[in-house]
Amino acid sequence: MDSTPQLSSREKRINSLFPRYSDMDLTFLGTGSGVPSLRRGVSAICLRFQGDVWLFDCGESTQLQLQKSAIRPSKIRKIFITHLHGDHVFGIAGTLCQLGSSMTDLNYHDEVQPIDIYGPEGTRYLINSIIQLTQSKIVAPFRVHELIGIPNFSKERENTKPPYKYISSHCTYNELRDFKDISPTVDSENRYTYDICSTADLHIQAAPMHHSIPCVGYVVTEKARPGKLHIDKVQPIVNKNRELLQDVKGLRRNVDKIFSIIKNLNPDESYLFPDGTVIYGRDVVSPEIKGRKVVIMGDTCSGNSIVHIANGADVLVHEATNAWMRDGVVDDRYPSYNALKKDTVQHGHSTPQMAGEFAKRIGAKHLILTHFSQRYPGDDSEKSMEIMKIIENMAAESAGFRPNGDNVIAAWDFMNIGIDRLDDTS
Ligand SMILES: [Zn+2]
Ligand SMILES: [Zn+2]
């Protein structure tokens, strides 16, 4: 009997557009807004890179979605919170307990890496309150790094500053106090940038979003890799000079070290061989390989304040909460698209067209829409997929992409896309 799972047409489409296996991929655990429904969970996106998992937002029931997905919860190293609305944070405490309970199998001496959590001011208070009041001793070790002073762009709601008095000044269970809060740099054009953290390969930054409470979007940028050495061009010159190179300081013991010296030449730097041959970096080393860039926006009605770090995204994840459409036809509660847009913006959210405009503005190659109102079902029935296709086309038109093309995807729960470097396919 054939046990191969039948793929829906949308899964086949994704498999034809994105690599099945890549060292970087995104899994959408929840693609709805507000409260989870049977057809869409709420915000939680996993970025997997070389095995490690970073979780962006952690809405209610994320721990359940994790269990239904191919993500290994024990691989979660960091959690990034865009803002403190419930549909982005109600799952944090539960997920930390899920991670903690899976650690009970470890030996006492096993080294346990704490989960680093990044989020707006108030994130620490929120998590500590829940963990402490519920006496959740099973929680995984964690530490919270807060992003200080995220501007509140909302005029109507001034009173959103979180309280600073902790329930207790003592550590709660398993909370590590060696956190490092992060202040922004603000440039002469009043653009805020939070340098969140760096690993050997990735750098992550954040910038504010226009929403009804302080909110950020995150930008993950892979560091560029040095170009490849054209060994066929260098080898003959080295062979010719091998004997004389043995007299060069630093090469006496191992002449082959010359290859790494040449590989590290900048394009305009040169190396003079003992026989008088000069080679320039640009002639023997291919240009450096650009890293991938993934932008994961928080809820927003304008991405103005993140453009400076989001430009040139390979993948842009943008919310599209409301569309002027219900059940595949125009939403008759609004007389026009503009009336719906006005209402959506007032709530701090975006339409598919607004997401498309932003994708165009930053020159994004792919736009993934998410955070849909629960009135747009996320199942794979033909009717639901038709509705999401309409939403994709609304965004594609504004982005300047071909309608019914491949650049805009309306995400569904558990959708997984691999992200390859552009040069990896060559
Ligand atoms: Zn939300
Ligand atoms: Zn929100």
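Sequence order sets the numbering: in each chain, residues are counted from 1 along the sequence as written. Numbering of ligands from 1 and lettering of chains from A proceed in the order in which they are written. In view of the model being predicted, local features appear only for residues whose pLDDT reaches at least 70, and side-chain atom pairs are presented and counted only at 80 or more, with totals across whole chains, interfaces and linings using the full set of residues. To get the side-chain values, take all heavy atoms of the structure and skip hydrogens and water.

1. Brief notes about the coordination of the zinc ion (ligand 1)
A four-donor tetrahedral metal ideally has 109.5 degree angles, and a six-donor octahedral metal ideally has angles of 90 or 180 degrees. Donor atoms: N, O and S within 2.8 Å of the metal, or within 3.2 Å for Na, K and Ca. Because water is excluded, sites can look incomplete. Asp87 (OD), His88 (NE2), Asp299 (OD) and His371 (NE2) make up the full set of protein donors to the zinc ion (ligand 1), lying at 2.1 to 2.3 Å. Seen from the zinc ion (ligand 1), its 4 donor atoms lie at angles of 89 to 164 degrees, and the figure they make is irregular. Every donor residue of the zinc ion (ligand 1) comes from the same chain, spaced as D-H-x210-D-x71-H. A separation of 3.5 Å is found between the zinc ion (ligand 1) and the zinc ion (ligand 2), which are bridged by Asp299. Taken as a pair, His88 in helix α3 (residues 86–89) and His371 in the loop between β15 (366–370) and α12 (382–399) lie far apart in primary sequence, 283 residues in all. A relative accessible area of 2% means that His88 is categorised as buried. For a four-donor site, all angles between 85 and 135 degrees give tetrahedral; for four or six donors, opposite pairs above 155 degrees with the remaining angles between 65 and 115 give square planar or octahedral; all remaining cases count as irregular. Secondary structure elements follow DSSP: runs of H or I no shorter than four residues count as helices, runs of E no shorter than two count as strands, and numbering proceeds from the N terminus. Burial here depends on accessible area, computed with a 1.4 Å probe over protein chains only, as a share of the maximum for the residue type. Under 20% is buried, over 50% is exposed, and the range in between is partly exposed.

2. Regarding the side chain of His145
Here His145 is to be found in strand β6 (residues 142–147). Polar contact is the term for a pair of N or O atoms within 3.5 Å; when the atoms are in protein, one must be able to donate a hydrogen and the other to accept it, and sequence-neighboring residues count only if both atoms are side-chain atoms. Here Asp116 takes part through its side chain, which lies 2.7 Å from a polar atom of the side chain of His145.

3. Considerations on the sheet that holds strand β3 (residues 52–56)
The strands that make up a sheet pair up through hydrogen bonds in the backbone, lying either parallel or antiparallel. One open sheet holds the 7 strands; their spatial order is β6-β5-β4-β3-β2-β1-β17, and the pairing between them is mixed. This sheet does not close on itself; its edge strands, each paired only once, are β6 and β17 (416–418). With strand direction ignored, the average angle separating the axes of adjacent strands in the sheet is 20 degrees. Here, a strand pair is defined by DSSP locating no fewer than two bridges between the strands. Relative to strand β2 (residues 44–49), strand β1 (residues 24–30) is paired through 6 bridges, and the arrangement is antiparallel. Bridge pairing in β2 links Gly30 to Ala44. Contacting β5 (115–120) and β6, helix α5 (residues 123–133) crosses the sheet at an angle of about 150 degrees to β6. To get an axis, a line is fitted to the C-alpha atoms, and for a helix only the part in contact is used. The angle between two axes follows their N-to-C directions and goes from 0 to 180 degrees. Between two residues, a contact is recorded if the distance between any of their heavy atoms is within 4.5 Å.

4. Quick word on the coordination of the zinc ion (ligand 2)
Of the protein atoms, only His83 (NE2), His85 (ND1), His211 (NE2) and Asp299 (OD) coordinate the zinc ion (ligand 2), at distances of 2.2 to 2.4 Å. Each of the 4 donor atoms bound to the zinc ion (ligand 2) contributes to angles spanning 90 to 164 degrees, and the resulting shape is irregular. Each donor residue of the zinc ion (ligand 2) lies on one chain, and together they are spaced H-x1-H-x125-H-x87-D. Judged by relative accessible area, His83 falls into the buried class, the value being 0%. Classification of His85 by relative accessible area gives partly exposed; the value is 24%.

5. Examining the pattern of salt bridges
When a carboxyl oxygen of Asp or Glu is within 4 Å of a side-chain nitrogen of Lys or Arg, the pair counts as a salt bridge. Summed over the entire model, instances satisfying the criterion amount to 23 salt bridges. Residues Glu392 and Arg13 are paired through a salt bridge, measuring 3.2 Å at the closest nitrogen-oxygen approach. Here the residue Glu392 occupies a position in helix α12, and Arg13 occupies one in helix α1 (residues 9–17), the gap between them amounting to 379 residues. Notably, a salt bridge pairs Asp331 with Arg326, separated by 3.7 Å at the nearest N-O pair. Among the residues examined, Asp331 registers a relative accessible area of 0% and is labelled buried. By sharing partners, the salt bridges in this structure join Asp23, Glu222, Arg225, Arg292 and Arg421 into a single network.

6. What about the packing of helix α4 (residues 92–102) against α5?
It is at 9 Å that the axes of α4 and α5 come closest, and there the two elements cross at 60 degrees. One element, α4, and the other, α5, form an angle in the oblique class. The chirality of how α4 crosses α5 is right-handed. Facing α4, whose interface residues are Ile92, Ala93 and Leu96, α5 presents Leu126, Ile127, Ile130 and Ile131. A class-by-class count of the residues in the contact of α4 with α5 yields 7 nonpolar, no polar and no charged. Any angle that falls under 35 degrees is termed roughly parallel, while one over 145 is termed roughly antiparallel, one within 65 to 115 roughly perpendicular, and all others oblique. In this scheme the handedness of a crossing depends on how the near helix is turned from the far one: anticlockwise by less than a right angle means left-handed, clockwise means right-handed. Just so you know the grouping, Ala, Val, Leu, Ile, Met, Phe, Trp, Tyr, Cys and Pro go in nonpolar, Asp, Glu, Lys and Arg go in charged, and all remaining residues, Gly too, go in polar.

7. A word on the sheet that holds strand β10 (residues 216–222)
An order of β7-β8-β9-β10-β13-β14-β15-β16 is seen for the 8 strands of this open sheet, with the pairing classed as mixed. At either margin of the open sheet sits one strand with a lone partner, and together these are β7 (185–186) and β16 (408–410). Bridge count between β15 and β16: 3 bridges; the pairing is parallel. Looking at the pairing, Leu367 lines up with Val408 of β16. With respect to the sheet, helix α11 (residues 352–362) is in contact with β14 (315–319) and β15, its orientation differing from that of β14 by roughly 150 degrees.

Just distances and angles here, no functional claims.
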